[in-house]
Amino acid sequence: MLLNAVFVIVGLLLLAAGAEGLVRGAGGVALRFGVAPLVVGLTIVALGTGSPEFVLSVQAAASGNGGLALGNVLGSNISNIALVLGLAALVRPLAVQARLIRREVPVMIGVTFLVAALMWDGGLGRLDGAVLLAGAVLYVAFAYVGARRGDVPVVAAEFDAALERERSLRVEVLLVVVGLGALLLGATVLLRGAVGLASALGVSEVVVGLTVIAVGTSLPELATSVSAARRGQADVAFGNAIGSNVINILAVLGAAALVRPLATSGLRPLDVAVFLASAVLVLPLMARGSVLNRWEGGALVAGYALYIVSLAA
């Protein structure tokens, strides 16, 4: 079991490092070719921070470990709202100003309920995967066009300040290549460790995916959102978490189901309920002037801790 735990830790570190390299490299290349920082932040960064979930889930589905892929996505989405945004709000209350991000919250809620409806028959088939992937293309196009139209100057300034652009093009391309390599290697190592850990602990792959793997693959979102909150860039923190959740459902689950149909037999009704509730809760929490304050952040983190305890029970 110790060796499997080491595989999991090493795999998670490689995934986090790979996502960081991919985001920095791809974001820098896009900025160099004149793409607006707001566009980069709402599309490329969201795709990059969701890359660990994508690579791991597709590999898991291809190797017949669909429970791990499904648990990873649902657990990551729960983690992105309850843990990532909760901790970010504890660092500094999040006052969201971007109109586009506020419009994306209903989109996140909609796709969350869509995938729950698709899973109602006991799984996600290849047709379901194709529908979700088509939705991913439309979503990225929507985010790109919306960001191109601009937002209030202070929001554009937040995204501008959050992105680095001091490297040469050669270094940025190298970051992309190395990042992709680290993601592929990390997913392979993590998958081996996670399957072994589930067997050693006598729990289902879904449970491992919902807990250790979900939190681990959410590390890029956590680092980005907490860092942005500390610098007062609430729109960056919030946009990162919401965008990643939409990408996880549409692109990650879509690609995984297209590779191999995913059965939902390992999920509890409580897991699906928490998955749905974590998305819906964002609206009332931000009802007062689009602000997520510290006590609400603390409540989200506490609720997440209770959910993890329920999985261990």
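If you're wondering where the values come from, they're calculated on a predicted model, not measured in any experiment.

Novice: Summarise the overall build of the chain; cite the residues concerned and give the values.
Specialist: Counting its secondary structure elements, the chain contains 14 helices and four strands. The buried share of the chain, taken over its 313 residues, is 54%. A separation of at least 24 residues holds for 89% of the contacts in the chain among residues at least 6 apart in sequence.

Novice: So what about the nonpolar core? Which residues, and what values?
Specialist: Judged by nonpolar contacts, the single largest core of 57 residues is most densely connected at Leu 94, Leu 124 and Leu 253. At 15 residues, the largest contribution of residues to this core is made by helix H11 (residues 234-259). When neighbours within four sequence positions are excluded, Leu 124 is seen to be in contact with Leu 70, Val 115, Leu 118, Met 119, Leu 253, Ala 257, Pro 261 and Leu 262. Membership of the second largest hydrophobic core comes to 19 residues, among which are Leu 12, Leu 22, Leu 190 and Ala 198.

Novice: If you had to explain the side chain of Ser 51 to someone new, which residues and values would you point to?
Specialist: Relative to the elements of secondary structure, Ser 51 occurs in helix H3 (residues 51-62). Leaving out residues up to four positions away in the same chain, Ser 51 has contacts with Ala 19, Leu 22 and Leu 183.

Novice: A description of helix H9 (residues 205-217) should follow, citing residues and the corresponding values.
Specialist: An α-helical turn contains 3.6 residues, so a residue and the one three or four places further along point in the same direction. For H9, spanning 13 residues, the distance from its first C-alpha to its last is only 15 Å, which falls clearly below the expected 18 Å at 1.5 Å a residue. A bend of about 30 degrees at Thr 211 is the largest found in H9. Listed in full, the buried residues belonging to H9 are Val 206, Val 208, Gly 209, Leu 210, Thr 211, Ile 213, Ala 214, Gly 216 and Thr 217.

Novice: Could you give me a rundown of the packing of H3 against helix H8 (residues 169-201), with the residues and numbers involved?
Specialist: Packed helices, taken two at a time, are described by the angle their axes make and the gap between the axes. Where H3 meets H8, the axes come as close as 9 Å, and the angle between the chain directions of the two elements is 55 degrees. The angle between H3 and H8 falls in the class oblique. The handedness of the crossing between H3 and H8 is right-handed. Across from Ser 51, Pro 52, Val 55, Leu 56, Gln 59 and Ala 60 in H3, the residues of H8 making contact are Leu 183, Leu 184, Ala 187, Thr 188, Leu 190 and Leu 191. Of the residues in the contact of H3 with H8, the class split is nine nonpolar, three polar and no charged.

Novice: So what about the environment of Val 115? Which residues, and what values?
Specialist: You can see Val 115 is positioned in helix H5 (residues 99-118). Val 115 gets classed as buried once you look at its relative accessible area, which sits at 0%. Taking the C-alpha atoms as reference points, Val 115 and Asp 128, separated by 13 residues in sequence, lie 8.6 Å from one another. When neighbours within four sequence positions are excluded, Val 115 is seen to be in contact with Leu 124, Leu 132, Ile 249, Leu 253 and Phe 275.

Novice: Lay out the pattern of salt bridges in plain terms, naming residues and giving numbers.
Specialist: This structure, assessed with the given rule, holds one salt bridge. In this structure, Asp 271 and Arg 268 form a salt bridge, with 2.8 Å as the shortest nitrogen-oxygen distance. A relative accessible area of 1% places Asp 271 in the buried class. On the basis of relative accessible area, Arg 268 is assigned to the partly exposed category, the value being 27%.

Novice: Talk me through the environment of Ser 265; I want residue IDs and the actual numbers.
Specialist: Looking at the secondary structure, you find Ser 265 in the loop between strand E3 (262-263) and helix H12 (269-280). Sequence separation between Ser 265 and Gly 122 is 143 residues; the distance between their C-alpha atoms is 6.6 Å.

Novice: I'd love a proper account of the packing of helix H4 (residues 66-91) against H12, names of residues and values included.
Specialist: Here H4 crosses H12 at 40 degrees, and the two axes come no closer than 9 Å. When the axis of H4 is compared with that of H12, the two are oblique. Considering the relative orientation of H4 and H12, their crossing is left-handed. Taking contact as the criterion, the partners of Leu 74, Asn 77, Ile 78 and Ile 81 in H4 are, on H12, Asp 271, Val 274, Phe 275 and Ser 278. Taken together, the residues of the contact of H4 with H12 sort by class into five nonpolar, two polar and one charged.

Novice: Explain H11 to me, using residue names and the numbers behind them.
Specialist: Over its 26 residues, H11 runs 36 Å from end to end, which matches the ideal 38 Å to within 8%, given 1.5 Å per residue. In the structure, H11 departs most strongly from a straight axis at Asn 248, where the bend amounts to approximately 35 degrees. With respect to burial, H11 is a largely interior element, 24 of its 26 residues being buried.

Novice: Give me the lowdown on the side chain of Thr 264, citing residues and values where you can.
Specialist: Along the polypeptide, Thr 264 turns up in the loop between E3 and H12. What makes Thr 264 buried here is its relative accessible area of 14%. Leave out the neighbours within four places in its chain, and Thr 264 touches Leu 70, Met 119, Gly 122 and Gly 123.

Novice: Help me get a handle on a nonpolar patch on the surface, residues and values and all.
Specialist: Nonpolar side chains collect at one region of the surface, where Leu 2, Leu 3, Val 6 and Val 10 lie side by side and expose about 380 Å² of accessible area between them. Secondary-structure assignment places Val 10 in helix H1 (residues 2-32).

Thresholds applied
Residues numbered from 1 in each chain as written. Predicted model: local features only at pLDDT ≥ 70, side-chain atom pairs only at ≥ 80, totals over all residues. Heavy atoms only, no water. Helix = DSSP H or I, 4+ residues; strand = E, 2+ residues; numbered from the N terminus. Buried < 20%, exposed > 50% of the residue type's maximum accessible area, 1.4 Å probe, protein only. Contact = heavy atoms within 4.5 Å. Core = buried A, V, L, I, M, F, W, Y, C linked by side-chain atoms within 4.5 Å. Expected span 1.5 Å × (residues − 1). Bend = angle between axes of the 7 residues up to and from the residue. Axes fitted to C-alpha atoms, helices over the stretch in contact; angles between N-to-C directions. Parallel < 35°, antiparallel > 145°, perpendicular 65-115°, else oblique. Left-handed = near helix turned anticlockwise from the far one by under 90°. Nonpolar A, V, L, I, M, F, W, Y, C, P; charged D, E, K, R; others polar. Salt bridge = Lys/Arg side-chain N within 4 Å of Asp/Glu carboxyl O. Patch = residues over 30% accessible without salt bridge, like charges linked within 9 Å, V, L, I, M, F, W, Y side chains within 5 Å. Areas by Shrake-Rupley, 256 points an atom, 1.4 Å probe, with all protein chains shown as cover.

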